[in-house]
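Summary of structural features
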Amino acid sequence: MYLATTDAAATATKVTRGRVGGPVLALGAVSLVTDISSEMVTAVLPLYFVLQLGLSPLQFGFLDGLYNGVTALVRLLGGHAADRGGRHKLVAGAGYALSAFSRLGLLLAGGGTVGIGASIAADRLGKGVRTAPRDALISLSAPPDALGRAFGVHRAMDTTGALLGPLAAFALLWATADAYDAVFVVSFCVGLLGVLMLIVLVPGRTADPLGRPAPAPAAPARQRGRLLAPLRDADFRRIFGAAALLGAATIGDSFLYLLLQRRLDFAVSWFPLLPLGAAAIYLLLAVPAGRLGDRIGRRVPFLCGHAALLGGYVLLLITDAGPVLLVGVLLLLGVFYAATDGVLMALAGPVLPAARRASGMALLQTGQALSRLLAAAGFGAAWTLWGDHSALIAAVVALAVALAAAVFLLPRPERQPSRV
(Lines give C-alpha, C1' and ligand atoms only; values in the text may rest on other atoms or scores of the structure.)
Protein backbone atom coordinates (compact mmCIF):
# COMPACT_ATOMS: atom_id res chain seq x y z
CA MET A 1 0.00 0.00 0.00
CA TYR A 2 1.00 3.66 -0.27
CA LEU A 3 1.33 5.92 2.72
CA ALA A 4 0.21 9.51 2.39
CA THR A 5 3.17 11.75 3.14
CA THR A 6 1.93 15.21 2.25
CA ASP A 7 1.65 16.66 5.76
CA ALA A 8 4.73 14.87 7.04
CA ALA A 9 6.77 15.96 4.07
CA ALA A 10 5.70 19.55 4.57
CA THR A 11 6.75 19.39 8.22
CA ALA A 12 10.09 17.82 7.34
CA THR A 13 10.69 20.46 4.67
CA LYS A 14 10.27 23.24 7.23
CA VAL A 15 12.94 21.60 9.36
CA THR A 16 15.41 20.64 6.64
CA ARG A 17 15.01 23.42 4.06
CA GLY A 18 18.37 24.95 3.19
CA ARG A 19 20.50 22.27 4.84
CA VAL A 20 21.35 18.63 4.44
CA GLY A 21 21.33 16.00 7.19
CA GLY A 22 24.44 14.73 8.93
CA PRO A 23 24.44 11.24 7.36
CA VAL A 24 24.44 12.73 3.85
CA LEU A 25 27.34 15.06 4.70
CA ALA A 26 29.25 12.18 6.31
CA LEU A 27 28.75 9.98 3.25
CA GLY A 28 29.84 12.89 1.07
CA ALA A 29 33.04 13.26 3.09
CA VAL A 30 33.76 9.53 2.74
CA SER A 31 33.18 9.70 -1.02
CA LEU A 32 35.39 12.79 -1.30
CA VAL A 33 38.34 11.05 0.38
CA THR A 34 37.78 7.80 -1.53
CA ASP A 35 37.62 9.59 -4.87
CA ILE A 36 40.93 11.31 -4.17
CA SER A 37 42.42 7.85 -3.68
CA SER A 38 40.76 6.38 -6.77
CA GLU A 39 41.34 9.24 -9.21
CA MET A 40 45.02 9.44 -8.31
CA VAL A 41 45.38 6.10 -10.08
CA THR A 42 42.72 6.09 -12.78
CA ALA A 43 43.30 9.51 -14.36
CA VAL A 44 46.12 8.24 -16.58
CA LEU A 45 44.64 4.89 -17.61
CA PRO A 46 43.37 5.87 -21.10
CA LEU A 47 46.76 7.34 -21.94
CA TYR A 48 48.57 4.32 -20.49
CA PHE A 49 46.50 1.75 -22.37
CA VAL A 50 46.36 3.43 -25.77
CA LEU A 51 49.63 5.33 -26.04
CA GLN A 52 52.01 3.22 -23.95
CA LEU A 53 50.64 -0.30 -24.35
CA GLY A 54 49.54 0.41 -27.93
CA LEU A 55 46.02 -1.00 -27.69
CA SER A 56 43.69 -0.32 -30.61
CA PRO A 57 40.50 1.72 -30.05
CA LEU A 58 38.53 -1.55 -30.28
CA GLN A 59 40.65 -3.17 -27.56
CA PHE A 60 40.49 -0.09 -25.38
CA GLY A 61 36.73 0.17 -25.89
CA PHE A 62 36.30 -3.43 -24.74
CA LEU A 63 38.49 -2.92 -21.67
CA ASP A 64 36.86 0.39 -20.77
CA GLY A 65 33.40 -1.11 -21.04
CA LEU A 66 34.46 -4.31 -19.28
CA TYR A 67 35.73 -2.45 -16.22
CA ASN A 68 32.38 -0.69 -15.98
CA GLY A 69 30.27 -3.72 -16.85
CA VAL A 70 32.11 -6.35 -14.77
CA THR A 71 30.48 -4.95 -11.64
CA ALA A 72 26.96 -5.83 -12.84
CA LEU A 73 26.39 -9.00 -10.82
CA VAL A 74 28.30 -7.57 -7.86
CA ARG A 75 26.04 -4.49 -7.83
CA LEU A 76 22.95 -6.69 -7.69
CA LEU A 77 24.34 -8.92 -4.96
CA GLY A 78 25.59 -5.92 -2.99
CA GLY A 79 22.21 -4.20 -3.14
CA HIS A 80 20.38 -7.39 -2.18
CA ALA A 81 22.75 -8.06 0.74
CA ALA A 82 22.36 -4.48 1.98
CA ASP A 83 18.56 -4.73 2.01
CA ARG A 84 18.60 -7.94 4.04
CA GLY A 85 18.42 -6.68 7.60
CA GLY A 86 19.23 -3.09 6.63
CA ARG A 87 23.00 -3.72 6.41
CA HIS A 88 23.68 -0.81 4.11
CA LYS A 89 26.68 0.52 6.05
CA LEU A 90 28.31 -2.89 6.41
CA VAL A 91 28.06 -3.73 2.72
CA ALA A 92 29.16 -0.24 1.64
CA GLY A 93 32.14 -0.47 4.02
CA ALA A 94 33.22 -3.76 2.46
CA GLY A 95 33.20 -2.12 -0.97
CA TYR A 96 35.23 0.85 0.23
CA ALA A 97 37.77 -1.48 1.88
CA LEU A 98 38.16 -3.60 -1.28
CA SER A 99 38.89 -0.48 -3.34
CA ALA A 100 41.42 0.77 -0.80
CA PHE A 101 43.34 -2.51 -0.67
CA SER A 102 43.37 -2.77 -4.46
CA ARG A 103 46.06 -0.05 -4.37
CA LEU A 104 48.40 -2.55 -2.70
CA GLY A 105 47.83 -4.81 -5.70
CA LEU A 106 49.19 -2.07 -7.93
CA LEU A 107 52.36 -2.03 -5.85
CA LEU A 108 52.75 -5.79 -6.07
CA ALA A 109 52.01 -5.90 -9.82
CA GLY A 110 55.47 -4.50 -10.58
CA GLY A 111 54.32 -3.02 -13.90
CA GLY A 112 52.80 -6.28 -15.13
CA THR A 113 49.73 -5.75 -17.27
CA VAL A 114 47.80 -8.66 -15.76
CA GLY A 115 48.47 -7.53 -12.20
CA ILE A 116 47.50 -3.94 -12.97
CA GLY A 117 44.33 -5.13 -14.68
CA ALA A 118 43.41 -7.32 -11.71
CA SER A 119 43.97 -4.43 -9.28
CA ILE A 120 41.82 -2.09 -11.35
CA ALA A 121 39.12 -4.77 -11.56
CA ALA A 122 39.21 -5.10 -7.74
CA ASP A 123 38.76 -1.34 -7.43
CA ARG A 124 35.75 -1.40 -9.77
CA LEU A 125 34.29 -4.40 -7.93
CA GLY A 126 34.59 -2.45 -4.68
CA LYS A 127 32.83 0.47 -6.29
CA GLY A 128 30.10 -1.83 -7.55
CA VAL A 129 29.54 -3.26 -4.09
CA ARG A 130 29.35 0.08 -2.30
CA THR A 131 27.45 2.33 -4.71
CA ALA A 132 23.87 1.07 -4.28
CA PRO A 133 24.01 0.72 -0.45
CA ARG A 134 25.54 4.20 -0.22
CA ASP A 135 22.86 5.74 -2.44
CA ALA A 136 20.17 3.90 -0.48
CA LEU A 137 21.57 5.42 2.73
CA ILE A 138 21.34 8.88 1.16
CA SER A 139 17.81 8.24 -0.06
CA LEU A 140 16.69 7.02 3.36
CA SER A 141 18.30 10.02 5.09
CA ALA A 142 16.35 12.78 3.29
CA PRO A 143 12.64 13.58 2.77
CA PRO A 144 11.28 12.67 -0.69
CA ASP A 145 10.92 16.29 -1.80
CA ALA A 146 14.57 17.04 -0.96
CA LEU A 147 16.23 14.01 -2.53
CA GLY A 148 17.59 16.02 -5.45
CA ARG A 149 19.35 18.44 -3.09
CA ALA A 150 20.70 15.59 -0.96
CA PHE A 151 22.14 13.72 -3.93
CA GLY A 152 23.42 16.99 -5.39
CA VAL A 153 25.36 17.80 -2.22
CA HIS A 154 26.79 14.28 -2.08
CA ARG A 155 27.79 14.32 -5.75
CA ALA A 156 29.39 17.76 -5.34
CA MET A 157 31.55 16.46 -2.48
CA ASP A 158 32.31 13.29 -4.43
CA THR A 159 33.37 15.38 -7.43
CA THR A 160 35.63 17.51 -5.25
CA GLY A 161 37.58 14.32 -4.60
CA ALA A 162 37.63 13.59 -8.33
CA LEU A 163 39.17 17.02 -8.87
CA LEU A 164 41.78 16.71 -6.14
CA GLY A 165 42.86 13.15 -7.04
CA PRO A 166 44.54 13.88 -10.42
CA LEU A 167 46.09 17.04 -8.99
CA ALA A 168 47.56 15.05 -6.11
CA ALA A 169 48.94 12.43 -8.50
CA PHE A 170 50.39 15.13 -10.75
CA ALA A 171 52.09 16.81 -7.77
CA LEU A 172 53.46 13.52 -6.44
CA LEU A 173 54.91 12.51 -9.80
CA TRP A 174 56.51 15.93 -10.17
CA ALA A 175 57.97 15.83 -6.65
CA THR A 176 59.25 12.25 -6.89
CA ALA A 177 60.51 12.27 -10.50
CA ASP A 178 57.77 9.97 -11.83
CA ALA A 179 57.86 7.46 -8.97
CA TYR A 180 54.52 5.73 -9.50
CA ASP A 181 55.00 3.61 -6.38
CA ALA A 182 54.68 6.78 -4.32
CA VAL A 183 51.30 7.48 -5.94
CA PHE A 184 50.09 3.97 -5.13
CA VAL A 185 51.21 4.17 -1.49
CA VAL A 186 49.58 7.55 -0.90
CA SER A 187 46.43 6.37 -2.70
CA PHE A 188 46.19 3.35 -0.39
CA CYS A 189 46.59 5.48 2.74
CA VAL A 190 43.94 7.96 1.62
CA GLY A 191 41.55 5.13 0.72
CA LEU A 192 42.05 3.55 4.14
CA LEU A 193 41.22 6.91 5.73
CA GLY A 194 37.92 6.88 3.85
CA VAL A 195 37.06 3.47 5.32
CA LEU A 196 37.80 4.71 8.84
CA MET A 197 35.64 7.78 8.28
CA LEU A 198 32.74 5.58 7.20
CA ILE A 199 33.07 3.49 10.36
CA VAL A 200 33.23 6.50 12.68
CA LEU A 201 30.96 9.11 11.06
CA VAL A 202 28.14 7.26 9.28
CA PRO A 203 25.33 5.81 11.43
CA GLY A 204 24.56 2.14 10.93
CA ARG A 205 20.83 2.65 10.57
CA THR A 206 19.20 5.82 9.33
CA ALA A 207 16.07 7.27 10.86
CA ASP A 208 13.15 7.98 8.55
CA PRO A 209 13.37 11.67 7.54
CA LEU A 210 9.59 12.03 7.90
CA GLY A 211 9.63 10.84 11.49
CA ARG A 212 8.02 7.45 10.89
CA PRO A 213 9.32 4.29 12.57
CA ALA A 214 11.73 2.25 10.51
CA PRO A 215 9.67 -0.01 8.24
CA ALA A 216 9.77 -3.73 8.80
CA PRO A 217 10.22 -5.77 5.63
CA ALA A 218 6.69 -6.49 4.47
CA ALA A 219 7.44 -8.93 1.69
CA PRO A 220 8.12 -12.61 2.31
CA ALA A 221 11.75 -13.63 2.32
CA ARG A 222 11.38 -15.55 -0.92
CA GLN A 223 9.94 -12.48 -2.62
CA ARG A 224 12.61 -10.14 -1.28
CA GLY A 225 15.22 -12.58 -2.46
CA ARG A 226 14.36 -12.08 -6.10
CA LEU A 227 16.90 -9.68 -7.55
CA LEU A 228 14.51 -8.46 -10.25
CA ALA A 229 11.59 -7.80 -7.89
CA PRO A 230 11.80 -3.97 -8.28
CA LEU A 231 10.91 -4.35 -11.96
CA ARG A 232 7.38 -5.31 -10.94
CA ASP A 233 6.67 -1.62 -10.44
CA ALA A 234 5.55 -0.02 -13.72
CA ASP A 235 7.12 3.37 -13.02
CA PHE A 236 10.44 1.80 -12.09
CA ARG A 237 10.36 -0.27 -15.29
CA ARG A 238 9.98 2.92 -17.32
CA ILE A 239 12.84 4.64 -15.49
CA PHE A 240 15.01 1.55 -15.88
CA GLY A 241 14.22 1.29 -19.60
CA ALA A 242 14.97 4.95 -20.27
CA ALA A 243 18.25 4.86 -18.34
CA ALA A 244 19.41 1.67 -20.07
CA LEU A 245 18.47 2.98 -23.51
CA LEU A 246 20.34 6.24 -22.98
CA GLY A 247 23.31 4.35 -21.52
CA ALA A 248 23.52 2.22 -24.67
CA ALA A 249 23.92 5.42 -26.70
CA THR A 250 26.55 7.00 -24.42
CA ILE A 251 30.19 6.56 -25.38
CA GLY A 252 32.71 6.59 -22.56
CA ASP A 253 34.38 9.77 -21.30
CA SER A 254 37.76 8.29 -22.17
CA PHE A 255 36.83 8.24 -25.85
CA LEU A 256 35.83 11.91 -25.67
CA TYR A 257 39.18 12.79 -24.12
CA LEU A 258 41.05 10.76 -26.74
CA LEU A 259 39.08 12.52 -29.50
CA LEU A 260 39.94 15.90 -27.98
CA GLN A 261 43.63 14.98 -27.86
CA ARG A 262 43.49 13.95 -31.53
CA ARG A 263 41.64 17.08 -32.64
CA LEU A 264 43.78 19.54 -30.66
CA ASP A 265 47.08 17.61 -30.81
CA PHE A 266 48.29 18.83 -27.43
CA ALA A 267 51.15 17.28 -25.46
CA VAL A 268 50.17 13.96 -23.91
CA SER A 269 51.50 15.08 -20.55
CA TRP A 270 48.40 17.29 -20.23
CA PHE A 271 46.01 14.44 -20.94
CA PRO A 272 45.41 13.44 -17.27
CA LEU A 273 44.16 16.96 -16.54
CA LEU A 274 41.27 16.80 -19.05
CA PRO A 275 38.80 15.23 -16.59
CA LEU A 276 39.36 18.16 -14.23
CA GLY A 277 37.50 20.54 -16.53
CA ALA A 278 34.36 18.43 -16.64
CA ALA A 279 34.62 17.67 -12.92
CA ALA A 280 34.81 21.39 -12.09
CA ILE A 281 31.56 22.06 -13.97
CA TYR A 282 29.95 19.05 -12.31
CA LEU A 283 31.00 20.38 -8.92
CA LEU A 284 29.48 23.80 -9.58
CA LEU A 285 26.18 22.52 -10.98
CA ALA A 286 25.42 19.33 -9.02
CA VAL A 287 23.55 21.05 -6.18
CA PRO A 288 21.63 23.53 -8.41
CA ALA A 289 20.61 20.68 -10.72
CA GLY A 290 19.36 18.64 -7.76
CA ARG A 291 17.40 21.58 -6.34
CA LEU A 292 15.92 22.29 -9.78
CA GLY A 293 14.81 18.66 -10.03
CA ASP A 294 13.12 18.89 -6.62
CA ARG A 295 11.23 21.97 -7.81
CA ILE A 296 10.15 21.18 -11.38
CA GLY A 297 10.45 17.39 -11.56
CA ARG A 298 13.58 15.28 -12.00
CA ARG A 299 12.82 14.01 -15.49
CA VAL A 300 13.45 17.49 -16.95
CA PRO A 301 17.10 17.95 -15.86
CA PHE A 302 17.76 14.27 -16.59
CA LEU A 303 16.67 14.69 -20.20
CA CYS A 304 18.37 18.08 -20.54
CA GLY A 305 21.61 16.56 -19.29
CA HIS A 306 21.61 14.02 -22.10
CA ALA A 307 20.79 16.80 -24.56
CA ALA A 308 23.95 18.57 -23.33
CA LEU A 309 25.98 15.41 -23.96
CA LEU A 310 24.53 15.24 -27.46
CA GLY A 311 25.69 18.82 -27.94
CA GLY A 312 29.22 17.78 -26.97
CA TYR A 313 29.22 15.05 -29.59
CA VAL A 314 28.01 17.49 -32.24
CA LEU A 315 30.66 20.02 -31.26
CA LEU A 316 33.37 17.42 -31.87
CA LEU A 317 31.96 16.92 -35.36
CA ILE A 318 31.56 20.51 -36.51
CA THR A 319 34.58 22.43 -35.21
CA ASP A 320 38.32 22.16 -34.81
CA ALA A 321 38.67 25.57 -33.15
CA GLY A 322 40.88 24.78 -30.17
CA PRO A 323 39.51 26.91 -27.32
CA VAL A 324 35.88 26.54 -28.41
CA LEU A 325 36.17 22.78 -28.77
CA LEU A 326 38.06 22.20 -25.52
CA VAL A 327 35.92 24.44 -23.32
CA GLY A 328 32.67 23.47 -25.03
CA VAL A 329 33.08 19.70 -24.76
CA LEU A 330 34.28 19.79 -21.14
CA LEU A 331 31.49 22.22 -20.20
CA LEU A 332 28.77 20.11 -21.80
CA LEU A 333 30.18 16.90 -20.30
CA GLY A 334 30.12 18.49 -16.84
CA VAL A 335 26.52 19.64 -17.36
CA PHE A 336 25.61 16.10 -18.40
CA TYR A 337 26.89 14.55 -15.19
CA ALA A 338 25.49 17.28 -12.94
CA ALA A 339 22.01 16.88 -14.43
CA THR A 340 21.88 13.08 -14.58
CA ASP A 341 24.00 11.25 -12.01
CA GLY A 342 22.41 12.10 -8.67
CA VAL A 343 19.17 13.20 -10.34
CA LEU A 344 18.53 9.67 -11.63
CA MET A 345 18.85 8.21 -8.14
CA ALA A 346 16.54 10.92 -6.79
CA LEU A 347 14.07 10.10 -9.58
CA ALA A 348 14.04 6.41 -8.71
CA GLY A 349 14.10 6.75 -4.90
CA PRO A 350 10.41 7.57 -4.25
CA VAL A 351 9.32 4.76 -6.58
CA LEU A 352 11.19 2.08 -4.63
CA PRO A 353 9.96 0.68 -1.31
CA ALA A 354 12.33 1.28 1.60
CA ALA A 355 12.84 -2.47 2.11
CA ARG A 356 14.16 -2.81 -1.47
CA ARG A 357 15.76 0.60 -1.95
CA ALA A 358 19.35 -0.67 -2.36
CA SER A 359 18.28 -3.60 -4.57
CA GLY A 360 16.35 -1.31 -6.90
CA MET A 361 19.15 1.21 -7.17
CA ALA A 362 21.64 -1.60 -7.81
CA LEU A 363 19.41 -2.91 -10.59
CA LEU A 364 19.18 0.54 -12.15
CA GLN A 365 22.94 1.06 -11.95
CA THR A 366 23.53 -2.41 -13.40
CA GLY A 367 21.31 -1.65 -16.38
CA GLN A 368 23.35 1.46 -17.05
CA ALA A 369 26.67 -0.36 -16.62
CA LEU A 370 25.76 -3.14 -19.05
CA SER A 371 24.39 -0.64 -21.55
CA ARG A 372 27.57 1.40 -21.41
CA LEU A 373 29.60 -1.78 -21.86
CA LEU A 374 27.79 -2.32 -25.17
CA ALA A 375 28.19 1.35 -26.08
CA ALA A 376 31.95 1.37 -25.40
CA ALA A 377 32.58 -1.84 -27.31
CA GLY A 378 30.33 -0.68 -30.17
CA PHE A 379 31.98 2.73 -30.48
CA GLY A 380 35.44 1.17 -30.31
CA ALA A 381 34.51 -1.26 -33.10
CA ALA A 382 33.02 1.54 -35.21
CA TRP A 383 36.15 3.66 -34.72
CA THR A 384 38.40 0.75 -35.74
CA LEU A 385 36.34 -0.13 -38.83
CA TRP A 386 35.12 3.27 -40.06
CA GLY A 387 37.36 5.86 -38.42
CA ASP A 388 36.61 8.24 -35.58
CA HIS A 389 34.52 10.72 -37.62
CA SER A 390 32.04 8.14 -38.92
CA ALA A 391 31.87 6.48 -35.51
CA LEU A 392 31.00 9.84 -33.92
CA ILE A 393 28.24 10.44 -36.47
CA ALA A 394 26.73 7.07 -35.55
CA ALA A 395 26.96 8.01 -31.85
CA VAL A 396 25.12 11.30 -32.49
CA VAL A 397 22.30 9.52 -34.31
CA ALA A 398 22.02 6.82 -31.64
CA LEU A 399 21.88 9.30 -28.75
CA ALA A 400 19.32 11.51 -30.53
CA VAL A 401 17.03 8.52 -31.10
CA ALA A 402 17.48 7.28 -27.51
CA LEU A 403 16.75 10.75 -26.13
CA ALA A 404 13.53 11.02 -28.13
CA ALA A 405 12.42 7.60 -26.88
CA ALA A 406 13.27 8.49 -23.26
CA VAL A 407 10.95 11.50 -23.41
CA PHE A 408 8.03 9.09 -23.80
CA LEU A 409 9.39 6.39 -21.50
CA LEU A 410 10.03 8.37 -18.32
CA PRO A 411 6.93 8.49 -16.08
CA ARG A 412 5.11 11.71 -15.30
CA PRO A 413 3.94 13.09 -13.01
CA GLU A 414 6.63 11.76 -10.66
CA ARG A 415 5.51 9.79 -7.63
CA GLN A 416 6.11 11.56 -4.33
CA PRO A 417 5.02 9.10 -1.63
CA SER A 418 7.35 6.33 -0.49
CA ARG A 419 6.04 2.80 -0.38
CA VAL A 420 6.91 0.60 2.58
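Residues numbered from 1 in each chain as written. Predicted model: local features only at pLDDT ≥ 70, side-chain atom pairs only at ≥ 80, totals over all residues. Heavy atoms only, no water.

**Describing the pattern of salt bridges**
Definition in use: Every case where a carboxyl oxygen of Asp or Glu lies within 4 Å of a side-chain nitrogen of Lys or Arg is listed as a salt bridge. Using a 1.4 Å probe on the protein chains alone, a residue whose accessible area is under 20% of its type maximum counts as buried, one over 50% counts as exposed, and one in between counts as partly exposed. Only runs of H or I of at least four residues qualify as helices and only runs of E of at least two qualify as strands under DSSP, and these elements are numbered from the N terminus.
The tally for this structure, following the rule as stated, stands at 6 salt bridges. The partner of Asp135 in a salt bridge is Arg134, with the nearest N and O atoms 3.1 Å apart. Using a relative accessible area of 8% as the deciding quantity, one classes Arg134 as buried. Across the pair Asp135 and Arg155 runs a salt bridge whose closest N-O atoms are separated by 3.2 Å. Separated by 20 residues along the polypeptide, Asp135 in helix α7 (residues 113–139) and Arg155 in helix α8 (residues 147–175) bring together distant segments of the chain. For the residue pair Asp135 and Arg155, the accessibility class agrees, reading buried in each case.

**With respect to the side chain of Arg357**
Note the following rule: Polar contact is the term for a pair of N or O atoms within 3.5 Å; when the atoms are in protein, one must be able to donate a hydrogen and the other to accept it, and sequence-neighboring residues count only if both atoms are side-chain atoms.
Its location among the elements puts Arg357 in helix α16 (residues 357–386). At a separation of 2.5 Å, a polar atom in the side chain of Arg357 contacts the side chain of Ser139.

**Looking at the packing of helix α12 (residues 253–264) against helix α15 (residues 322–348)**
What counts, and what does not: What counts as an axis is a line fitted to C-alpha atoms, over the stretch in contact for a helix, and the angles between N-to-C directions run from 0 to 180 degrees. Roughly parallel covers angles under 35 degrees, roughly antiparallel covers those over 145, roughly perpendicular covers 65 to 115, and oblique covers all other angles. Contacts were defined at the residue level, with two residues in contact if any of their heavy atoms lie within 4.5 Å. In this classification, Asp, Glu, Lys and Arg are treated as charged, Ala, Val, Leu, Ile, Met, Phe, Trp, Tyr, Cys and Pro as nonpolar, and every other residue, Gly included, as polar.
Following both chains from N to C, one finds α12 and α15 inclined at 170°, their axes separated by 10 Å at the closest point. As summarised for this structure, α12 and α15 are arranged roughly antiparallel, according to the angle between their axes. Listed contacts from α15 to Asp253, Leu256, Tyr257, Leu260, Arg263 and Leu264 of α12 are Gly322, Leu325, Leu326, Val329, Leu330, Leu333 and Tyr337. Classifying every residue of the contact of α12 with α15 by side-chain character gives 10 nonpolar, 1 polar and 2 charged.

**Overview of the nonpolar core**
Applicable threshold: Only buried residues count toward a nonpolar core. Its members are Ala, Val, Leu, Ile, Met, Phe, Trp, Tyr and Cys residues joined through side-chain atoms within 4.5 Å.
Grouped together as the largest cluster of nonpolar side chains are 86 residues, with contacts concentrated most on Ile251, Tyr313, Leu316, Leu344, Leu364 and Phe379. Ranked by residues supplied to this core, first place goes to α15 with 11 residues. Excluding residues that lie within four positions of it along the chain, Tyr313 makes contacts with Ala249, Thr250, Ile251, Leu256, Leu392, Ala395, Val396 and Leu399. Core analysis: the next-biggest nonpolar cluster, separate from the first, contains 5 residues, Ala82, Val91, Val129 and Ala136 among them.

**Some thoughts on α16**
Here is the rule: The length a helix should cover is 1.5 Å for every residue beyond the first.
For α16, spanning 30 residues, the distance from its first C-alpha to its last is 43 Å, which sits close to the expected 44 Å at 1.5 Å a residue. Extensive coverage of α16 is indicated by the burial of 21 of its 30 residues.

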